[in-house]
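Residue-level structural notes
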Amino acid sequence: MATHAKIMIVDSNNIVTGIYCHFDGYLDGVGATLLKHYSDLDKVKDLIALGSISYLEKSIECPLGHSFNTPIKGYTVAYHRDRGEDFCQSRGVIENGIIENIVFEQYNYVYFESDSKWYLKSKDNLTLLSTLIRS
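Predicted model, so just to flag it, every value in this text is computed and none were measured.

1. Quick word on the overall build of the protein chain
- Helix and strand counts for the protein chain come out as 3 helices and 9 strands.
- Dimensions of the protein chain, computed from C-alpha atoms along their principal axes, come out at roughly 45 × 35 × 30 Å.
- Burial analysis of the protein chain (135 residues in total) assigns 41% to the buried set.
- Considering only contacts in the protein chain between residues 6 or more positions apart, those separated by 24 or more positions represent 51%.
- Split by element, the accessible area of the protein chain, about 7600 Å² in all, is 49% carbon and sulfur.
- In the protein chain, 13 positive and 17 negative side-chain charges are present, and the distance between their average locations comes to 5 Å.

2. Some thoughts on the side chain of Ser59
- Among the secondary structure elements, Ser59 is positioned in the loop between strand E3 (53-55) and strand E4 (77-78).
- Excluding residues within four positions of it along the chain, Ser59 makes contact with Tyr38, Gly74, Tyr75 and Thr76.

3. Describing the packing of aromatic side chains
- According to the stated counting rule, one finds 4 aromatic pairs in the structure shown.
- Geometrically, the ring pair formed by Tyr107 and Tyr109 is stacked, given 6.5 Å between the ring centres and 10 degrees between the ring planes.
- Exposure remark for Tyr107: the relative accessible area of 27% places this residue in the partly exposed category.
- Tyr109 sits in the buried class, given a relative accessible area of 0%.
- Above the ring of Phe68, the side-chain terminus of Arg83 is found at 4.1 Å from the ring centroid.
- Here Lys121 stacks its cationic end above the ring of Phe104, 5.7 Å away from the centre of that ring.

4. Thoughts on the pattern of salt bridges
- According to the stated counting rule, one finds 2 salt bridges in the structure shown.
- In this structure, Asp82 and Arg81 form a salt bridge, with 2.7 Å as the shortest nitrogen-oxygen distance.
- With relative accessibility at 9%, the residue Asp82 sits in the buried group.
- Put simply, Glu85 and Arg83 hold a salt bridge, and the shortest N to O gap is 3.2 Å.
- Assessed through its relative accessible area of 46%, Arg83 is described here as partly exposed.

What counts as what
- Residues numbered from 1 in each chain as written.
- Predicted model: local features only at pLDDT ≥ 70, side-chain atom pairs only at ≥ 80, totals over all residues.
- Heavy atoms only, no water.
- Helix = DSSP H or I, 4+ residues; strand = E, 2+ residues; numbered from the N terminus.
- Buried < 20%, exposed > 50% of the residue type's maximum accessible area, 1.4 Å probe, protein only.
- Contact = heavy atoms within 4.5 Å.
- Areas by Shrake-Rupley, 256 points an atom, 1.4 Å probe, with all protein chains shown as cover.
- Lys, Arg positive; Asp, Glu negative; His and termini not counted.
- Charge placed at Lys NZ, Arg CZ, Asp CG, Glu CD.
- Phe/Tyr/Trp six-rings, centres within 6.5 Å; stacked < 30°, edge-to-face > 60°.
- Lys NZ or Arg CZ within 6 Å of the ring centre and 35° of its normal.
- Salt bridge = Lys/Arg side-chain N within 4 Å of Asp/Glu carboxyl O.

Listed below in C-alpha cells is the structure:
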C-alpha cells in the first residue's frame, strides 16, 4: 500500500513549489532519505525540478536503461522523465504563516531556503524533521 507525501521548497519570497511522491512517504522512508541525501539547496531544487515522483531514492540521476518499467536500484523514479506523463508540480504561497493553494498528503515535507532545513508539516505546525528521524 502506498504512503503518499508532498515534498516542497519555500523560496525567499515565500513561494512554495511542491511535488507529489506516491510511495514510502513515512518518516523512515522519504523523510530519512531527504535528510540523508537532499540536505543542500541545489539538490532540493533539482529534486523538485523533476516534478512528481513514484518514489524517492538517494539519487535523481537517470542512468542508461533506467525507466519507470525498468528502474535501477538507488535512483528516483519520476513520472514525467521516466514514464512520459505530463509534468506536474504544485505552486502556492505562504500567507500569514499558512501555506496556501497546496493540496497536502499523508506526509508533508517542507524545505526552507532561508535556513536550509527540512520540516514536517502537520495541520497546525511545522516540526524540524531532524528531531523526528532516528539516526
